[in-house]
Amino acid sequence: MSLFLAWLMTIVTACVVLFFHNAVMILLIKTCKKLSMVWVILMLALSHMAHIWIYAFAIYVGDNILELGAIQNCECNTIEDYVYFSGSNYTSLGYGDLI
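Not measured: the values here are computed from a predicted model. (Residues numbered from 1 in each chain as written. Predicted model: local features only at pLDDT ≥ 70, side-chain atom pairs only at ≥ 80, totals over all residues. Heavy atoms only, no water.)

### Things to note about helix α1 (residues 2-31)
Alright, step 1. Helix length check: α1 (30 residues) gives 43 Å between terminal C-alpha atoms against 44 Å at 1.5 Å per residue, within 8%.
Alright, step 2. Those residues of α1 not exposed but buried are Met-9, Thr-13, Val-17, Val-24 and Leu-28.
Alright, step 3. Those residues of α1 that are buried are in contact with α2 (37-65). (Helix = DSSP H or I, 4+ residues; strand = E, 2+ residues; numbered from the N terminus. Expected span 1.5 Å × (residues − 1). Buried < 20%, exposed > 50% of the residue type's maximum accessible area, 1.4 Å probe, protein only. Contact = heavy atoms within 4.5 Å.)

### A look at the packing of α2 against helix α3 (residues 79-90)
Alright, step 1. Interhelical geometry of α2 versus α3 gives an angle of 125° and a closest axis separation of 8 Å. Viewed along their axes, α2 and α3 adopt a mutual orientation that is oblique. In this structure, α2 crosses over α3, and the sense of that crossing is right-handed. In contact with His-48, His-51, Ile-52, Trp-53, Tyr-55, Ala-56, Phe-57, Ile-59, Tyr-60, Asp-63 and Asn-64 of α2, α3 contributes Ile-79, Tyr-82, Val-83, Phe-85, Ser-86, Gly-87 and Tyr-90.
Alright, step 2. Residue composition of the contact of α2 with α3, by class: 12 nonpolar, five polar and one charged. (Axes fitted to C-alpha atoms, helices over the stretch in contact; angles between N-to-C directions. Parallel < 35°, antiparallel > 145°, perpendicular 65-115°, else oblique. Left-handed = near helix turned anticlockwise from the far one by under 90°. Nonpolar A, V, L, I, M, F, W, Y, C, P; charged D, E, K, R; others polar.)

### A short note on the nonpolar core
Alright, step 1. Ile-52, Ala-56, Ile-71, Cys-74, Cys-76, Tyr-82, Val-83 and Phe-85 form the largest nonpolar core, which has eight residues in total.
Alright, step 2. Ranked by residues supplied to this core, first place goes to α3 with three residues.
Alright, step 3. Apart from residues no more than four positions distant in its own chain, Ile-52 is found in contact with Val-83, Ser-86, Gly-87 and Tyr-90. (Core = buried A, V, L, I, M, F, W, Y, C linked by side-chain atoms within 4.5 Å.)

### Brief notes about the packing of aromatic side chains
Alright, step 1. Scanning the model with the defined rule gives two aromatic pairs in all.
Alright, step 2. Pairing Tyr-60 with Tyr-82 gives two aromatic rings, centres 5.5 Å apart and planes at 80°, and the pair type is edge-to-face. Of this pair, Tyr-60 sits in helix α2 while Tyr-82 is found in helix α3, placing the two residues 22 residues apart along the sequence. (Phe/Tyr/Trp six-rings, centres within 6.5 Å; stacked < 30°, edge-to-face > 60°.)

### Quick word on the packing of α1 against α2
Alright, step 1. The N-to-C vectors of α1 and α2 enclose an angle of 165°; their axes lie 10 Å apart at closest approach. Taken together, the axis directions place α1 and α2 in an arrangement best described as roughly antiparallel. As α1 packs across α2, the resulting crossing turns out to be right-handed. Contacts from Met-9, Thr-13, Val-16, Val-17, Phe-20, His-21, Val-24, Met-25, Leu-27 and Leu-28 in α1 reach Val-40, Met-43, Leu-44, Ser-47, Ala-50, His-51, Ile-54, Tyr-55, Ala-58, Val-61 and Gly-62 in α2.
Alright, step 2. Residue classes in the contact of α1 with α2 are distributed as 16 nonpolar, five polar and no charged.

### Some words on the side chain of Ser-86
Alright, step 1. Looking at the secondary structure, you find Ser-86 in helix α3.
Alright, step 2. With relative accessibility at 4%, the residue Ser-86 sits in the buried group.
Alright, step 3. Setting aside its immediate chain neighbours within four residues, Ser-86 contacts Ile-52, Tyr-55, Ala-56 and Ile-59.

### Some words on the side chain of Ser-47
Alright, step 1. Tracing the backbone through its elements, the reader meets Ser-47 in helix α2.
Alright, step 2. For Ser-47, a relative accessible area of 2% puts it in the buried group.
Alright, step 3. If sequence neighbours within four positions are ignored, Ser-47 has contacts with Phe-20, His-21 and Val-24.

Dropping the structure here:
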């Protein structure tokens, strides 16, 4: 049952991120000619930050609410811990300081 919940959570999270990303890209395509490059870069940066928060929320729900497992050797109790973990994985910087 927990494997099914993990797969379901993964699929739902991926769909939310893809939907959000496509909505931002459509908005940028429609308004790109009117916006300066600074605004385009800012909107893309905000989009990536939103992706990190979506992934962090999914990890938080999977760990605390659905009890699908936890990050080993990590006392993650706050959403900030999950945002940090999500951000370090999203940017592929690694998480050597967590383990």
